Amino acid sequence: MELRRSVKQLYKTLIFMGREYPKGGKYFRDRCHAVFVKNKDIDDPDKIKQMIAQGEYVVKELEALYRLKKYRTLRKRYYDTETFEETIIKNIRKFDAE
Amino acid sequence: MARVLVGVKRVVDYAVKIRVKPDKSGVVTDGVKHSMNPFDEIAVEEAIRLKEKKFASEVVAVTCGPTQNQETLRTALAMGADRGIHVEIPAADYPKVGPLHVSKILAKLAQKEEAGLIIVGKQAIDDDCNQTAQMTASFLDWPQGTFASELKLEGDKLTVVREIDGGLETIELKMPAVVSADLRLNEPRYATLPNIMKAKKKKVDKLSPSDLGVEIATNIEVLEVSDPPVRDAGMKVENTEELISKLKEAGLV
């Protein structure tokens, strides 16, 4: 029963966060829903725990995605120079390409 | 330990494509997604971190605007602010409100709440005024650390690393002070669903500008709001000769 609550909580959190998904809340909700439905018959508690952990990882990834997207948009809008970090990354890419 | 006041503004979301009203009186805001000004999120985050590091006793979020501003305040509370103050301004009067009024309100509230530090975003992404922190500091006659990209508090000494043209400047301020947050100050946390629910229980005081003795009147008249000029499409050239001839044609070389 405890697991059932965690799964529901995870689903709610994902749907809540999916509203801001770049491709739209509906796109995210449909896919998220499909995954939950696909796995609805799994009854091994360990397997369920593992999948919850995976879902929580997706939540973290979404947070990071939104943060980065916002940061990059603002930087492009308000700051025309690249950061030190970006210069390094660019140089590494260039080096790799060569 | 100081009480920290953070100013939060409700603006059209950063990801929304802005449209100008056909009568050129402003931009379309009805039915458009709004959220907290991203620079204010950074300010809220910094205030919460100060509290977590036991440098601040309480974080109070302040917003000025119509009823919908409650959502913005709620986001600040969900992030971790302790309580909120909503200075309610009717939607009809809101277009008249500018940084001057907001800074007067913030200054009055700072005195009323006995705040030791005010943190605001350096500017709002809708009007891009970049004036609120500066004017608040002068109303209170407090020192200001604008465009902060690093903040350190020791006793009543505040060290601020500022982003300036071509580099960074480090200044020391004596508290109480006003700080405005720049983009690289921190990475704001996400207001999670359970925290938003919990935030509904946090205390929000409602005030009107007249409660604080601030009059909403403006000397500024908006003549016209228009789209930026559209950039013409470019063209591809096959070789250098063609490039030079095109440049000559355009009279650029």
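Note that the coordinates shown come from a computational prediction; the quantities given were computed from them, not determined experimentally. (Residues numbered from 1 in each chain as written. Chains lettered and ligands numbered in written order. Predicted model: local features only at pLDDT ≥ 70, side-chain atom pairs only at ≥ 80, totals over all residues. Heavy atoms only, no water.)

**Quick look at the interface of chain A and chain B**
Listed per partner, the contact involves 18 residues of chain A and 22 residues of chain B. Roughly 1900 Å² is buried in total at the junction of chain A and chain B, and carbon and sulfur atoms are behind 60% of that figure. Run the count over chain A and chain B and you get 2 salt bridges. R67(A) serves as the salt-bridge partner of E187(B), at 3.8 Å between the closest nitrogen and oxygen. On the surface where chain A and chain B come into contact, there are 7 residue pairs in polar contact (both at pLDDT 80 or more). (Contact = heavy atoms within 4.5 Å. Buried area = accessible area lost by both parts, 1.4 Å probe. Salt bridge = Lys/Arg side-chain N within 4 Å of Asp/Glu carboxyl O. Polar contact = N/O pair within 3.5 Å; in protein donor to acceptor, adjacent residues only side chain to side chain.)

**Concerning the nonpolar core**
All names here are of chain B. V6, V44, L117, I119, L151, L158 and V179 are the most contacted members of the largest nonpolar core, which totals 43 residues. Those elements giving two or more residues to this core turn out to be β1 (2–7), α1 (38–52), β4 (56–65), α2 (69–79), β6 (117–121), β7 (144–154), β8 (157–164) and β10 (177–181). Residue contributions to this core peak at 7 residues, all from α1. For L117, the contacting residues outside a window of four places in its chain are R3, V4, L5, L50, L158, M175, A177 and V179. Core analysis: the second largest hydrophobic core is formed by 25 residues, V60, A107, L212 and I216 among them. (Core = buried A, V, L, I, M, F, W, Y, C linked by side-chain atoms within 4.5 Å. Buried < 20%, exposed > 50% of the residue type's maximum accessible area, 1.4 Å probe, protein only. Helix = DSSP H or I, 4+ residues; strand = E, 2+ residues; numbered from the N terminus.)

**Considering the sheet that holds β10(B)**
Residue and element names in this part refer to chain B. The 9 strands lie next to each other as β9-β8-β7-β10-β6-β1-β4-β5-β11, forming an open sheet whose pairing is mixed. The open sheet has two free edges, formed respectively by β9 (167–174) and β11 (204–207), since each of these has just one partner strand. Sheet twist, expressed as the average angle between the axes of neighbouring strands with direction ignored, equals 30°. Pairing analysis gives 6 bridges linking β1 to β4, with the strands arranged parallel. Within β4, the residue paired with V4 across the bridge is V59. (Pairing = 2+ DSSP bridges. Axes fitted to C-alpha atoms, helices over the stretch in contact; angles between N-to-C directions.)

**Some remarks on helix α4 (residues 132–140) of chain B**
Residues and elements named next belong to chain B. Taken together, the buried positions of α4 are occupied by T132, A133, T136, A137 and L140. Buried residues of α4, viewed axially, fall in a sector of 130°; they line one side. On its buried face, α4 sits against α3 (99–112), β6, β7 and β10. Positioned one or two residues after α4, D141 has a phi angle of 60°, which is positive. (Arc of directions from axis to C-beta.)

**What about the pairing of β10(B)?**
All names here are of chain B. By the criterion of burial, β10 is predominantly enclosed, with 5 of the 5 residues buried. Residues A177, V179 and A181 point to one face of β10 and V178 and S180 to the other, with burial holding for every one of them. With 5 bridges connecting them, β6 and β10 associate as parallel partners. Within β10, the residue paired with V120 across the bridge is S180. Inspection of the sheet shows β7 paired to β10 by 3 bridges, in the parallel sense. Across the sheet, the residue bridging to Q144 is V178, located in β10.

**A few points about the packing of helix α1 (residues 2–18) of chain A against helix α2 (residues 25–38) of chain A**
Axes are the key here: two packed helices are described by the angle between their axes and the distance separating the axes. Residue and element names in this part refer to chain A. Between α1 and α2, the least distance of the axes is 8 Å, while the angle of their chain directions is 160°. The orientation of α1 with respect to α2, classified from their angle, is roughly antiparallel. Here α1 runs over α2; the crossing is right-handed. Between α1, through V7, L10, Y11, L14, I15 and G18, and α2, the contact on the second element is made entirely by G25, F28, R29, C32, H33 and F36. For the contact of α1 with α2, the class distribution of residues is 8 nonpolar, 3 polar and 1 charged. (Parallel < 35°, antiparallel > 145°, perpendicular 65-115°, else oblique. Left-handed = near helix turned anticlockwise from the far one by under 90°. Nonpolar A, V, L, I, M, F, W, Y, C, P; charged D, E, K, R; others polar.)

**Re the UniProt feature "domain: Electron transfer flavoprotein alpha/beta-subunit N-terminal" (unreviewed entry) in chain B**
Taking the UniProt record as the reference, the feature "domain: Electron transfer flavoprotein alpha/beta-subunit N-terminal" (unreviewed entry) is found at residues 24–216 of chain B. In residues 24–216 of chain B, helix accounts for 29% and strand for 31%; the two terminal C-alpha atoms are 23 Å from one another. (UniProt positions renumbered as here; feature names shortened; annotations may be inferred.)

**Notes on the pattern of salt bridges**
All names here are of chain B. With the rule as written, the count across this model stands at 23 salt bridges over all chains. With its nearest N and O atoms 2.6 Å apart, the salt bridge here joins R83 to E113. Highlighted residues: R83 in strand β5 (residues 83–88) and E113 in the loop between α3 and β6, separated in sequence by 30 residues. The pair formed by R83 and E113 is uniform in burial state, with each residue classed as buried.

**With respect to the environment of V222(B)**
Locating V222(B) in the fold gives a position in the loop between β11 and α6 (240–249). On the basis of relative accessible area, V222(B) is assigned to the exposed category, the value being 56%.

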